Amino acid sequence: MRGYSDRDLGMNRSIARRDFLNGIALAAGAAIGPQLGAAFEVERVAETSPEYYPPALTGMRGSHEGSFEVAHQLRDGSFWRRTGDPAETGESYDLVVVGGGISGLSAAHFFRKVAGRRARILILDNHDDFGGHAKRNEFRERGRMLLGYGGTYAIESPAPYSAVARALIRELGIDVERLQPTNDRKLYRSLGLHPAVFFDKETFGADRLVMDPKHIADTEAGDSAEAADPWRDFMASAPLSERARRDVRAIYETKTDYLPSLSSTEKKTKLARISYARFLTEIAGFDPQVVPYFQARPHTYFGVGIDAVSAQDAWGFGLPGFDGMNLEPGPGPGMNRDCIPNEEAEKFFLHLPDGNASIARLLVRQLIPAAIPGHSVEDLLIARAKYSRLDEGRSSVRIRLNSTVVRVKHEGDPASARQVEILYVRRGRLFRVRSTQCVLACWNMVIPHICPELPAKQREALAAEAKVPIVYTNVVLRNWNAWKKSGVNTIYAPGSYHTHLNLDVPVSLGRYHCPRQPEEPIVVHMMRTPCKPGLPARDQHRLGRIELFQTSFETFERNIRDQLARALSGGGFDPEWDIAAITVNRWPHGYAYEYNSLFDEFWLEGGDVPCEVARKPFGRLAIANADAGAYAYTDGAIDQAWRAIQELTTASQA
Ligand SMILES: Cc1cc2nc3c(=O)[nH]c(=O)nc-3n(C[C@H](O)[C@H](O)[C@H](O)COP(=O)(O)OP(=O)(O)OC[C@H]3O[C@@H](n4cnc5c(N)ncnc54)[C@H](O)[C@@H]3O)c2cc1C
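One structure accompanies this document, and this report is about it.

Rules used throughout
- Residues numbered from 1 in each chain as written.
- Predicted model: local features only at pLDDT ≥ 70, side-chain atom pairs only at ≥ 80, totals over all residues.
- Heavy atoms only, no water.
- Pairing = 2+ DSSP bridges.
- Helix = DSSP H or I, 4+ residues; strand = E, 2+ residues; numbered from the N terminus.
- Axes fitted to C-alpha atoms, helices over the stretch in contact; angles between N-to-C directions.
- Contact = heavy atoms within 4.5 Å.
- Near = heavy atom within 4 Å.
- Polar contact = N/O pair within 3.5 Å; in protein donor to acceptor, adjacent residues only side chain to side chain.
- Areas by Shrake-Rupley, 256 points an atom, 1.4 Å probe, with all protein chains shown as cover.
- Nonpolar A, V, L, I, M, F, W, Y, C, P; charged D, E, K, R; others polar.
- Salt bridge = Lys/Arg side-chain N within 4 Å of Asp/Glu carboxyl O.
- Buried < 20%, exposed > 50% of the residue type's maximum accessible area, 1.4 Å probe, protein only.
- Phe/Tyr/Trp six-rings, centres within 6.5 Å; stacked < 30°, edge-to-face > 60°.
- Lys NZ or Arg CZ within 6 Å of the ring centre and 35° of its normal.

1. Observations regarding the sheet that holds strand 18 (residues 500–503)
One open sheet holds the eight strands; their spatial order is 5-20-16-19-18-17-10-11, and the pairing between them is mixed. With one partner strand each, in any of the chains shown, strand 5 (59–62) and strand 11 (208–211) form the two edges of the open sheet. Across the sheet, the mean angle from the axis of one strand to that of its neighbour is 25 degrees, orientation sign disregarded. Here four bridges tie strand 10 (residues 194–199) to strand 11, and the two strands are oriented antiparallel to one another. Bridge pairing in strand 11 places phenylalanine 199 opposite arginine 208. Seen against the sheet, helix 24 (residues 553–567) touches strand 5, strand 10, strand 11, strand 16 (468–477), strand 17 (488–492), strand 18, strand 19 (522–528) and strand 20 (579–591) and runs at an angle of roughly 115 degrees to strand 20.

Written out as structure tokens, the structure reads:
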């Protein structure tokens with residue numbers, strides 16, 4: 001097997017990948033104002049300019065340069081050494097929200113319901129775009145708009161949406177049931193494409209693309225040869241030992257109860273304390289070679305592999321091996337949050353082409369109608385947001401981007417203070433605003449640094465948050481002929497740099513039309529979690545986060561090209577010519593950490609749950625954001641916003 005040189009891979013090719021803002025290069029290193037976060041400050045196109053359009057930026061996105069440096073200086077204790085007095089904006093609000101993700105935007109929405117439409121609200125966010133993890137990636141290829149999701153993929157949740165979250169989605173104009181058919185679930189199958197597994201030679205000894213037997217068996221492909229015997233390709237060509245191949249199949253087909261002497265509850269208790277990898281090998285007795293095969297299956301949910309996901313969670317989200325175990329659906333012991341299969345929740349699913357960035361955009365449209373033209377979900381997808389309208393003095397709601405909050409403090413005793421002072425850094429300068437109340441809809445672990453007046457126990461609980469690092473890469477291909485020739489539309493690549501690859505989910509809505517012919521350009525979505533198998537989950541997240549901050553775009557690009565070339569070599573993929581643009585959405589602080597029954601003692605034993613201690617209101621402050629519920633889903637972010645606003649409004653009426 002020959003390796004690809006940089007030239008073969010097209011590393012020298014000019015594509016849309018570096019930091020361009022509608023064609024205007026961003027020059028790194030040009031500081032504006034005093035030295036706050038200046039080393040990373042960039043000479044930006046002014047947000048008031050029509051040229052300012054972050055969704056169209058390619059290259060390294062997600063937590064982009066310029067968004068995190070001030071917060072890291074704060075964490076490292078170096079920030080306050082360099083500051084002078086803040087500049088007075090003279091601005092005063094009824095509510096300041098720290099964090100412009102879905103939780104922060106929802107908090108503003110709920111506050112207006114209580115306080116009225118004239119309530120003055122300011123939302124501050126350190127990124128150059130609103131929406132937080134719900135990020136829109138927008139491309140133009142051959143005159144056509146292509147959308148991708150740089151973060152939050154869909155309306156989906158392991159538990160049913162609460163009445164509050166459902167009502168908000170509905171109020172924004174998203175009718176989940178009505179819109180579901182916009183996703184053409186049969187397109188790829190009708191073109192003869194199926195899910196596949198890519199075995200890489202570094203992990204499995206040979207590069208090989210094999211049809212994914214489980215998924216083929218699940219499809220209604222009917223008369224295709226694969227459906228007649230979905231295991232044929234796998235059994236013939238998967239580069240695993242013969243026993244491991246037989247065992248992978250047996251894991252899908254087993255009806256054995258591996259813990260026959262235990263009740264369902266006792267089994268669940270045991271499964272909550274053993275990893276899925278150990279369940280397969282030690283309890284069920286399968287060949288250890290099955291572990292690398294299944295290793296990355298849970299990455300999309302937990303950001304770690306089967307070494308660090310409990311067997312109970314594996315059962316809960318559908319991994320095989322449990323069919324004979326007679327596990328009763330519904331709660332067992334412990335916290336039982338992720339692990340319960342729930343039909344109602346499964347039905348409430350909707351993917352839009354830019355993912356839940358559409359929810360963020362709809363929230364912004366409600367809060368600041370001038371910023372996003374249009375009136376319906378149908379016209380939303382192609383609407384170009386007017387960033388220059390986000391922060392206008394005449395508007396009751398303002399969104400200020402590129403602004404990192406560094407201090408939130410009551411003016412006086414928190415029990416009796418009438419105002420809160422909020423300091424933030426923007427373009428290297430420190431500013432002050434005041435507000436009657438404040439919602440911290442930013443990440444839990446940031447809060448102790450910006451709000452040292454909180455009680456010590458609460459600060460400790462906030463600092464315990466260990467967000468899950470994750471990368472969502474979007475690659476624009478000039479065509480997808482190689483996918484068609486290979487007969488695949490998604491690839492699970494358990495040993496590769498990105499472990500999940502797929503052709504964009506085909507959704508057409510309003511005037512946005514998804515690609516339907518292999519000759520058309522398309523977005524390919526690739527996911528990577530930089531986990532470190534064998535370590536406790538929080539350590540995996542911490543080390544993965546460091547890795548992401550240290551990985552250059554060039555390294556990502558080389559891996560992307562190499563991986564696509566190798567996986568699709570049979571279809572003639574040409575990494576030099578087929579790639580038109582790359583956007584790497586790097587999220588060192590990605591999913592909210594969800595408690596893990598393998599590592600978090602309180603999961604089974606009970607006691608203080610850190611997120612509940614962490615989210616207590618304090619004076620005129622309340623805490624929203626997904627971390628506050630330790631639940632990495634959009635509905636969690638909305639629910640926490642609702643609770644935070646209830647706390648503030650109840651307190652102000654007392
Ligand atoms: C890659 C990815 C995919 C996901 N997919 C799904 C999915 O398919 N479905 C689903 O339901 N959920 C999904 N989630 C989870 C979902 O996105 C989150 O639960 C939700 O969007 C979180 O919203 P939030 O407002 O709490 O946090 P965020 O979206 O993170 O927003 C918080 C904002 O606060 C900002 N901030 C932090 N500190 C400061 C400061 N000091 N000053 C100013 N601003 C600050 C942050 O930078 C951020 O912009 C996904 C998450 C990720 C990372």
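2. Things to note about the site of the ligand
Neighbouring residues of the ligand: 35 residues in total, closest Asp125, Asn126, Thr152, Trp443 and Thr634. The separation between an oxygen atom of the ligand and a polar main-chain atom of tyrosine 633 is 3.2 Å. Considering the ligand on its own, with 990 Å² of exposed area, one finds that the protein chains cover 98% of that surface. If you list the elements that add at least two residues to the shell around the ligand, you get helix 3 (102–115), strand 13 (403–410), strand 16, strand 20 and helix 27 (634–653). Classifying every residue of the shell around the ligand by side-chain character gives 18 nonpolar, 15 polar and two charged.

3. Observations concerning the pattern of salt bridges
Tallied over the entire structure, the rule returns 45 salt bridges. Between arginine 178 and glutamate 378 there is a salt bridge, and its shortest N-O distance comes to 3.2 Å. Note that arginine 178 is positioned in helix 5 (residues 176–179) and glutamate 378 in helix 19 (residues 377–380), a separation of 200 residues in sequence. Taking the relative accessible area as the measure of exposure, arginine 178 reaches 46% and is therefore partly exposed. With a closest N to O distance of 2.7 Å, aspartate 207 and arginine 566 form a salt bridge.

4. Quick notes on the packing of aromatic side chains
All told, the structure shown has 34 aromatic pairs when counted by the stated rule. Aromatic pair tryptophan 231 and phenylalanine 234: ring centres 5.4 Å apart, planes at 85 degrees, arrangement edge-to-face. Judged by its relative accessible area of 0%, phenylalanine 234 is buried. When the ring centre of tryptophan 577 is taken as origin, the NZ or CZ atom of arginine 13, which lies over that ring, is 3.6 Å away. Stacked on the ring of phenylalanine 348, the Lys or Arg arginine 166 has its end atom at 4.1 Å from the ring centre.

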